[in-house]
Structures are given as C-alpha cells and as structure tokens.
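Geometric and topological summary
Residue strings, one per chain:
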Amino acid sequence: MESPRERWVGPDAGPVVRPYAVTRGRTRPRGLVLDLVTVLVATGRTPADRIWLSREQRRLLELCGRPSTPADLASETDLPLRVVQILLEDLHQYGLIEEMPQAAQTERPDPRILMRVLDELRRL
C-alpha cells in the first residue's frame, strides 16, 4: 500500500522519482555541455572499480553502443533531456562514451545521386 509521503504513478510504475534524485542533486552539467544533436558512442571501456553507475547510466551506456544523440537517448529512456545531459556528462568524464568525430557525422551522399533523385521526383 502507498505510504502518505510516497506518490505513485500507477500500480505497475512504482513511486515517482524526482529528476534531481537521478542526477544526485545536480541541475546543470559541470563541464561538458552536450547539445541535442551531438553524436555519442560508447568507447568500449569498462568502468573503473571505484565508479558506481546508476541504473539510468547503465541504460544510457548500453544505448550508446550505437551512435546516438542526447535527444534520441532522452526519448528512448523517457527521462528529461537535462537529466540525460547530466548523466551523459558523467559517462564522458569516466571515459565510457565519446563524441563521434565531426567528419564521421557529415558523410554526404554523392551529389550525382542526389541530382538523379531530384530529376526523378520532378518527373512525378
């Protein structure tokens, strides 16, 4: 049964956890500020023995197994974007995730292919 001090979303969801509890009281990133579209990927390193990762951080690290943006990760985990940014900053500080190089993010298709697509669209 629900205690008077504990608020539940529903019987299956469990108690409400405030965002500041997930981020250990922080409301802003300390150093690295990630925008919505920064592409992040896991480095493949394992956390050091002294590092304790929360359940949310472990989930984010798992999702960063493939290149992802903070916006995608927030959507995937149903966490507020600011919370995700703070948790990702921690993972970056621990050396568990890194930003993908800009060159790898901006691979553009061959302009000739784009022109062919455009020509075909115009024919429609």
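Everything discussed here concerns the structure shown above.
Residues numbered from 1 in each chain as written. Predicted model: local features only at pLDDT ≥ 70, side-chain atom pairs only at ≥ 80, totals over all residues. Heavy atoms only, no water.

Next up on the list: the pattern of salt bridges. Here the structure, examined in full by the defined rule, presents five salt bridges. Glu62 is paired through a salt bridge with Arg59; the nearest N and O atoms lie 3.0 Å apart. Taken together, the residues span about one helical turn, with Glu62 and Arg59 both in helix 2 (residues 55-63) at a distance of three residues. When its relative accessible area of 55% is taken as the criterion, Glu62 is described as exposed. Here Glu120 and Arg123 are joined by a salt bridge, their closest N and O atoms 2.9 Å apart. With Glu120 and Arg123 both in helix 6 (residues 111-123) and three residues apart, the pair spans about one turn of that helix. (Salt bridge = Lys/Arg side-chain N within 4 Å of Asp/Glu carboxyl O. Helix = DSSP H or I, 4+ residues; strand = E, 2+ residues; numbered from the N terminus. Buried < 20%, exposed > 50% of the residue type's maximum accessible area, 1.4 Å probe, protein only.)

It is worth spelling out the packing of helix 2 against helix 3 (residues 70-77) at this point. The relative placement of two packed helices comes down to the angle between their axes together with the axis-to-axis distance. Orientation of helix 2 relative to helix 3, taken along the N-to-C sense of each, is 125°, at an axis distance of 11 Å. When the interaxial angle is binned, helix 2 and helix 3 end up oblique. When the axes of helix 2 and helix 3 are compared, the crossing they make is right-handed. Listed contacts from helix 3 to Arg59, Leu60 and Leu63 of helix 2 are Leu73, Glu76 and Thr77. Residues belonging to the contact of helix 2 with helix 3 are distributed by class as follows: three nonpolar, one polar and two charged. (Axes fitted to C-alpha atoms, helices over the stretch in contact; angles between N-to-C directions. Parallel < 35°, antiparallel > 145°, perpendicular 65-115°, else oblique. Left-handed = near helix turned anticlockwise from the far one by under 90°. Contact = heavy atoms within 4.5 Å. Nonpolar A, V, L, I, M, F, W, Y, C, P; charged D, E, K, R; others polar.)

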